[in-house]
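Summary of structural features
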Amino acid sequence: MARSSAIRKNKQFIADAGRPALLLEWYDRHRRALPWRPLPGQRADPYRVWLSEIMLQQTGVKTVGPYFEKFVTRWPDVGALGRASLDDVLRMWAGLGYYSRARNLHACAVAVLRDHDGAFPDTEEGLRSLPGIGPYTAAAIAAIAFDRRTMPVDGNIERVVSRLFAVEETLPRAKPVIQKLAATLLGGSSTDEKSRAGDSAQALMDLGASICTPKHPACSLCPLSDACAARQRGGQESFPRKLSKKSGELRRGAAFVVTRGAELLVRSRPEKGLLGGMTEVPGSDWRVAQDDEDALKQAPQLSGVTRWHRKVGVVTHVFTHFPLELVVYTAHVPARTRAPKDMRWVPIATLGGEALPNVMRKVIAHGIGS
């Protein structure tokens, strides 16, 4: 009995020690071709790694791809981005959502250009000193761009590791445990000429995106399936363990779509807060207890507008913390009507160049047509 137990333990040790190598072998054969990822054997560009990581926060790869290409075409390096205006960056970002990322992106580029001579710091500590770069993003850039021996843990890696080790603790309390377990999957060692820490992280990301998916994981294709504790139990999809989320209360409001010939009345939102600095049509507050009468009282004051036309239906949008319903009112004003204070007229034909968030694109399409 003692001998067979020792053999089992030895086999388990070999399996555990071999996971990083198996992972890298799989990655070398099946790595995804992504716009920000260099070809095998090429060094990663810290600027492209950073830009992609900021864009990928809360956003999928398919959505990010075209935006990434637009950004690197317009601003091929961090210096060019740091010299751009925030308004230009917000316009280019429009439609990607979570707009605080765009403001932090610009602030970070300015800081790298101003304080670091246009070169990103190559350590986690140095990276975390920059605007908009938190622990995960710092680890991702350090590992992928500079091959530092650290393991960033995104949603894909979180899922792979929680299943591989059958982590029973619920998120977010399980994050420190998952972080430690994920670090055991780093390929090579600190004494290697090339530790491949960045490749190890990207391998886990690719594994989670393509095989160890939230639903119906393709376990038979996974290089780590034999060592996966969740698979042995037959409950892969129940990991990671999560507490049920509470959705925010529905908020309501009104949006006022005013046209002056071929122009539209817009304003800029305050720099701080939700959708900070973005362009919007005038509107009411967004409140849980908002009713149409109260919302209508917040309409812009325009000479010549005696009646607002309410469009049939509502515009719906879901933010991270709450769902929103907007009633849309329209009005047409004479050619010489002045814009109220802090508002402006813009040609409808050039709206594509405005920093319009998706909710406002929906409102305008509902109010005047697509």
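Definitions and cut-offs
Residues numbered from 1 in each chain as written. Predicted model: local features only at pLDDT ≥ 70, side-chain atom pairs only at ≥ 80, totals over all residues. Heavy atoms only, no water. Axes fitted to C-alpha atoms, helices over the stretch in contact; angles between N-to-C directions. Helix = DSSP H or I, 4+ residues; strand = E, 2+ residues; numbered from the N terminus. Parallel < 35°, antiparallel > 145°, perpendicular 65-115°, else oblique. Contact = heavy atoms within 4.5 Å. Nonpolar A, V, L, I, M, F, W, Y, C, P; charged D, E, K, R; others polar. Buried < 20%, exposed > 50% of the residue type's maximum accessible area, 1.4 Å probe, protein only. Salt bridge = Lys/Arg side-chain N within 4 Å of Asp/Glu carboxyl O. Core = buried A, V, L, I, M, F, W, Y, C linked by side-chain atoms within 4.5 Å.

1. Overview of the packing of helix α8 (residues 135-146) against helix α11 (residues 197-210)
At their nearest, the axes of α8 and α11 sit 7 Å apart, and the two run at 120 degrees to each other. One element, α8, and the other, α11, form an angle in the oblique class. Contacts between α8 and α11 pair Tyr136, Ala143 and Ile144 from the former with Ala197, Gly198, Gln202 and Met205 from the latter. Its residues assigned to classes, the contact of α8 with α11 shows five nonpolar, two polar and no charged.

2. Observations regarding helix α2 (residues 46-55)
Most of α2 sits inside the fold, with nine of its 10 residues counted as buried. The complete set of buried residues in α2 reads Pro46, Tyr47, Val49, Trp50, Leu51, Ser52, Glu53, Ile54 and Met55. Among the structural elements, α3 (61-74), α4 (78-83), α5 (86-93), α6 (100-115), α8 and α11 are those in contact with the buried residues of α2.

3. Points about the packing of helix α9 (residues 155-164) against helix α10 (residues 175-183)
Two elements in contact, α9 and α10, have axes separated by 9 Å at closest approach and are oriented at 85 degrees. Judged by the inter-axis angle, α9 sits roughly perpendicular to α10. Residues Ile157, Glu158, Val161 and Ser162 of α9 form the contact with α10, whose participating residues are Lys175, Ile178, Leu181 and Ala182.

4. Things to note about the pattern of salt bridges
In the structure shown here, the tally under the stated rule is 19 salt bridges. Across the pair Arg37 and Asp206 runs a salt bridge whose closest N-O atoms are separated by 2.8 Å. With Arg37 in the loop between α1 (2-30) and α2 and Asp206 in helix α11, the pair connects residues that are 169 residues apart, well separated along the chain. Take Arg37: its relative accessible area is 11%, and that puts it in the buried class.

5. Some words on the nonpolar core
In this structure, Trp50 and Phe71 are the most contacted members of the largest nonpolar core, which totals 94 residues. Those residues in contact with Phe71 that lie beyond four places of it in its chain are Tyr47, Leu51, Met55, Pro76, Leu81, Val89, Met92, Trp93 and Leu105. Counting residues in hydrophobic clusters, the runner-up holds 15 residues, among them Leu265, Val305, Trp308 and Met343.

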